[in-house]
Amino acid sequence: MTTTETPSAELRELLIAHIRDVPDYPEPGVMFKDITPLLADPVAFGALVEALAALCARHGATKVVGLEARGFILAAPAAVRAGVGFVPVRKAGKLPGTVHGQTYQLEYGTAEIEVHTDAFAPDDRVLVIDDVLATGGTAEAAVELIRRAGATVAGLSVLLELSFLGGRERLLPALGGAPLDALITV
C-alpha cells in the first residue's frame, strides 16, 4: 500500500494541539480522541480542510466520500475547497431512494452502511475521508461500496490513525494499492 508524504511538522503540531484526550470514554480504559476543539478553532480547522483538499488534488479525486457522522464534517468542506462533489455514506436506513448496502463486522455483531446507487459515474475517482482510522471496518465497507457502485477508489485519508488497533493492516487488501494518508498517527 502506498502512503504519500507525511504532513509538515507544523501542521501536525497545530492539529495535535487541538485534539483533546478524554479518559474512560465511552467506557473505562478507553482514551477518546475528541476533535471538537479542533473544529471550534478556525485556524486549525482551516488548515485541516486545506490539507484534505490538497490530498483530493494529489490523488486526482473527482468525488469525496464522507463516512457518517464525523467524516461528513471533514469531507464536505474539503470537497468544496477541492472543487469536487461530496457523497455521504450513511448508516442503513438513512438515505432515501435506491441504495447499495454493505454489511461489516463489529466487535460484537454487524453494522451496515449505504450509498445511493447513482452517486458515482463510472469514471469517478473517489477519495474516502474520515476523522479516525481505528479497526478499519467502516472504511473497508466504504471501499467495497464505491467499487460496487462502479467507481474507482482514489484513496483513503484520515485526520487520525490509531495504529495500535490495526486498521491499516486490515485495509491493505481492500485498498489494492490505493494510498492511505493519516495526518496524525498515534
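Draft legend 1. Highlighting the pairing of strand S3 (residues 63-67). Within S3, 5 of the 5 residues are buried, leaving the element largely enclosed by the surrounding structure. Burial along S3 is two-sided: Lys63, Val65 and Leu67 facing one way and Val64 and Gly66 facing the other are all buried. Summarising the sheet, S3 and strand S4 (residues 85-91) pair through 5 bridges and their orientation is parallel. For Gly66, the partnering residue across the bridge sits in S4 and is Pro88. Crossover handedness for the path S3 to helix H4 (residues 70-82) to S4: right-handed.

Draft legend 2. Broad picture of the packing of aromatic side chains. Within the structure shown, the criterion is met by 2 aromatic pairs. With a centroid separation of 5.2 Å and an interplanar angle of 85°, the aromatic rings of Tyr25 and Phe32 are classed as edge-to-face. Relative accessible area serves as the criterion here: at 45%, Tyr25 is assigned to the partly exposed category. The interplanar angle of 85° and the centroid separation of 6.1 Å between the aromatic rings of Phe72 and Phe86 together place this pair among those described as edge-to-face.

Draft legend 3. Representation of the sheet that holds S4 within the structure. With mixed pairing, the 7 strands of this open sheet are ordered in space as S5-S6-S4-S3-S7-S8-S9. The open sheet has two free edges, formed respectively by strand S5 (99-106) and strand S9 (180-185), since each of these has just one partner strand. Taking each pair of neighbouring strands and ignoring which way they run, the sheet shows an average axis angle of 20°. The pairing of strand S8 (residues 152-161) with S9 spans 5 bridges and is parallel. Counterpart to Val158 in the pairing with S9 is Ala182. Relative to S9, helix H3 (residues 42-58) is tilted by about 160°, and along the sheet it contacts S3, strand S7 (125-133), S8 and S9.

About the cut-offs
Residues numbered from 1 in each chain as written. Predicted model: local features only at pLDDT ≥ 70, side-chain atom pairs only at ≥ 80, totals over all residues. Heavy atoms only, no water. Buried < 20%, exposed > 50% of the residue type's maximum accessible area, 1.4 Å probe, protein only. Helix = DSSP H or I, 4+ residues; strand = E, 2+ residues; numbered from the N terminus. Pairing = 2+ DSSP bridges. Right-handed = clockwise from strand over helix to strand, strands pointing away. Phe/Tyr/Trp six-rings, centres within 6.5 Å; stacked < 30°, edge-to-face > 60°. Axes fitted to C-alpha atoms, helices over the stretch in contact; angles between N-to-C directions. Contact = heavy atoms within 4.5 Å.

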